Amino acid sequence: MTKARTNASVAPAVGRNMVINGAMNVAQRATSVTGIGASSIFATVDRWEIQTANSAGRLTMSQTADGPNGISANCIKLDCTTADPSIAANESLNIVQQFEGQNLQRIGKGVAGAQQITVSFYVKASAAFDFVIEIKDDDNNRHICKLFSTTTDWVRQEFIVPADVDDGSSPLDDNNASSLRMIFWLHSGTNATSGTLATAWADRTEANRAVGIDSFYSNTANNFFLTGVQMEVGPVATEFEQEDIGVTLGKCQRYYQKWLADTASDSMLTGGMISDTGFIGDYFLKTSMRAVPTLATTGTFAVRLKTNDRSLSSGPALNRATPDTVQLSMTIGDNNESGFAGFLKCASNDDDAFVEFIAEL
């Protein structure tokens with residue numbers, strides 16, 4: 001067991017941490033979401049997905065200002081709101097971050113000269129629990145796991161992961177797809193707990209993934225907290241890397257970006273009428289995204305032409321897209337002004353409208 005705060009005067013190891021948003025400082029979607037558990041979701045803190053299957057348990061996930069002093073002001077908090085003490089074989093609850101293969105080449109995994117890595121994180125809970133962290137190689141279907149314990153105080157856990165040469169010819173793919181996953185197991189049925197925990201690198205066996213864990217869903221009094229997550233090359237857990245918030249935000253926006261109106265007068269993009277009822281415009285993304293994004297919208301939008309807002313009968317929708325720019329199209333229900341320029345805005349009675357661009361792994 002190590003103390004929650006190490007020497008903050010130690011020079012930071014810049015660029016060592018392969019985890020994005022390990023300090024839980026960026027939450028573009030929301031800071032709190034209730035009723036999670038029916039399906040997997042990116043809910044609050046960027047890059048951290050709640051993956052769940054087949055459980056009646058439900059939880060609230062929030063970005064909470066309760067991090068360990070000197071590490072991060074913020075953490076993920078999970079609050080059990082519906083218990084599930086009767087656990088079926090195929091149930092699971094995980095907190096997951098996925099990593100692009102091209103960001104992991106420093107590990108050299110699967111070939112001669114593969115490197116050790118060290119994972120460290122700060123964790124606490126409402127009581128003493130045993131949970132599992134799993135590192136899973138998606139490209140070669142291998143994994144390694146470690147059981148860890150919680151207390152009601154922040155504790156830094158460390159997991160030294162040995163080099164995995166495998167067969168010497170199975171590297172992580174050098175592309176923008178998921179090559180590695182960091183998985184925190186908080187609840188599971190016998191499908192993942194009936195074997196022997198995979199404490200050394202091995203071909204993935206489902207029964208060996210979460211052996212020995214307790215259930216987060218055992219009681220509605222249960223809470224779980226996580227922050228200061230780091231994954232670095234080498235056999236030593238260095239001081240948690242303190243990263244500028246602008247750098248972290250830019251990394252998160254590679255996977256998710258959100259345009260959110262502040263007032264009913266906010267405009268998202270300019271464009272023009274390409275027919276009597278068709279409006280089209282270009283939106284330049286804040287940073288290049290991992291892949292061509294998908295689009296999701298919430299709320300009501302309108303097109304302002306001259307001095308009038310025109311309601312939409314359809315859209316906004318993606319017309320064309322690259323990882324850098326998207327072109328949105330929409331149809332105006334009552335217009336006959338082909339050729340006019342205008343802009344897309346939230347409707348006058350909906351200043352909370354937003355548009356999401358999603359390129360998650």
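Residues numbered from 1 in each chain as written. Predicted model: local features only at pLDDT ≥ 70, side-chain atom pairs only at ≥ 80, totals over all residues. Heavy atoms only, no water.

1. Remarks on helix 1 (residues 245-253)
Helical geometry: 3.6 residues make up each α-helical turn, so side chains three or four residues apart lie on a common side. Heads up, the rule is: Burial classification: accessible surface area is computed with a 1.4 Å probe over protein chains only, and a residue below 20% of its type maximum counts as buried, one above 50% as exposed, and the rest as partly exposed. By the criteria applied, helices consist of DSSP H or I runs no shorter than four residues and strands consist of E runs no shorter than two, each listed in order from the N terminus. Working definition: the arc comes from the directions between the helix axis and the C-beta atoms, pointing outward to the latter. It only takes one pair of heavy atoms within 4.5 Å for two residues to be counted as in contact. A 3.5 Å cut-off defines polar contacts: any pair of N or O atoms within that distance qualifies, except that in protein one atom must be a possible hydrogen donor and the other a possible acceptor, and neighbouring residues in sequence count only when both atoms are side-chain atoms.
The set of residues buried in helix 1 consists of Thr-248, Cys-252 and Gln-253. Each buried residue of helix 1 lies within a common arc of 135° when the element is viewed along its axis, so the set occupies one face. Packed against the buried residues of helix 1 are strand 13 (256-260). Measuring from the side-chain oxygen of the N-cap residue of helix 1 to the backbone nitrogen of Gly-246 gives 2.8 Å; that N-cap residue is Asp-244.

2. Here we look at the sheet that holds strand 21 (residues 354-358)
Short version of the rule: Here, any two strands with at least 2 DSSP bridges between them count as paired. Here an angle of 0 to 180 degrees is reported between the N-to-C directions of two axes, which are lines fitted to C-alpha atoms, with helices fitted over the stretch in contact.
Taking strand neighbours across the sheet as the criterion, the three strands line up as 13-21-16 in an open arrangement whose pairing is antiparallel. With one partner strand each, in any of the chains shown, strand 13 and strand 16 (294-298) form the two edges of the open sheet. Each neighbouring strand pair of the sheet contributes to a mean axis angle of 15°, computed without reference to strand direction. The pairing of strand 16 with strand 21 spans five bridges and is antiparallel. In the strand pairing of strand 21, Leu-295 is matched with Phe-357.

3. Thoughts on the environment of Trp-154
Following the sequence through the fold, Trp-154 ends up in the loop between strand 8 (142-149) and strand 9 (155-161). Between the C-alpha atom of Trp-154 and that of Ser-178, which follows or precedes it by 24 residues, the distance is 30 Å. Here Asp-66 takes part through its backbone oxygen, which lies 3.1 Å from a polar atom of the side chain of Trp-154.

4. Looking at the state of the cysteines
Two cysteines whose sulfur atoms are joined by a covalent bond form what is called a disulfide. Note the threshold: By convention in this document, the label disulfide applies to cysteine sulfur atom pairs within 2.5 Å.
Evaluation of the coordinates by the stated rule reveals zero disulfides. Free cysteine: Cys-75, not disulfide-bonded; nearest cysteine sulfur from Cys-252 at 16 Å.

5. Regarding the nonpolar core
Rules: Here, the term nonpolar core denotes a set of buried Ala, Val, Leu, Ile, Met, Phe, Trp, Tyr and Cys residues that are joined through side-chain atoms within 4.5 Å.
Among the nonpolar cores identified, the biggest contains 43 residues, and Trp-48, Leu-78, Met-182, Phe-184, Phe-216, Phe-224 and Met-231 are the most heavily contacted of them. Top contributing element to this core by residue count: strand 6 (residues 117-125), with five residues. Core analysis: the next-biggest nonpolar cluster, separate from the first, contains 22 residues, Ala-261, Leu-285, Ile-332 and Cys-346 among them.

6. Concerning the sheet that holds strand 14 (residues 267-273)
Paired through their backbone hydrogen bonds, the strands of a sheet run either parallel or antiparallel. Within the closed barrel, the six strands sit side by side as 14-15-19-18-17-20. Their pairing is antiparallel. The mean inter-strand angle of the sheet, taken between neighbouring strand axes irrespective of direction, is 40°. Sheet analysis places strand 14 next to strand 15 (residues 278-284), joined by three bridges and oriented antiparallel. When the sheet's bridge partners are listed, Met-273 is paired in strand 15 with Phe-279.

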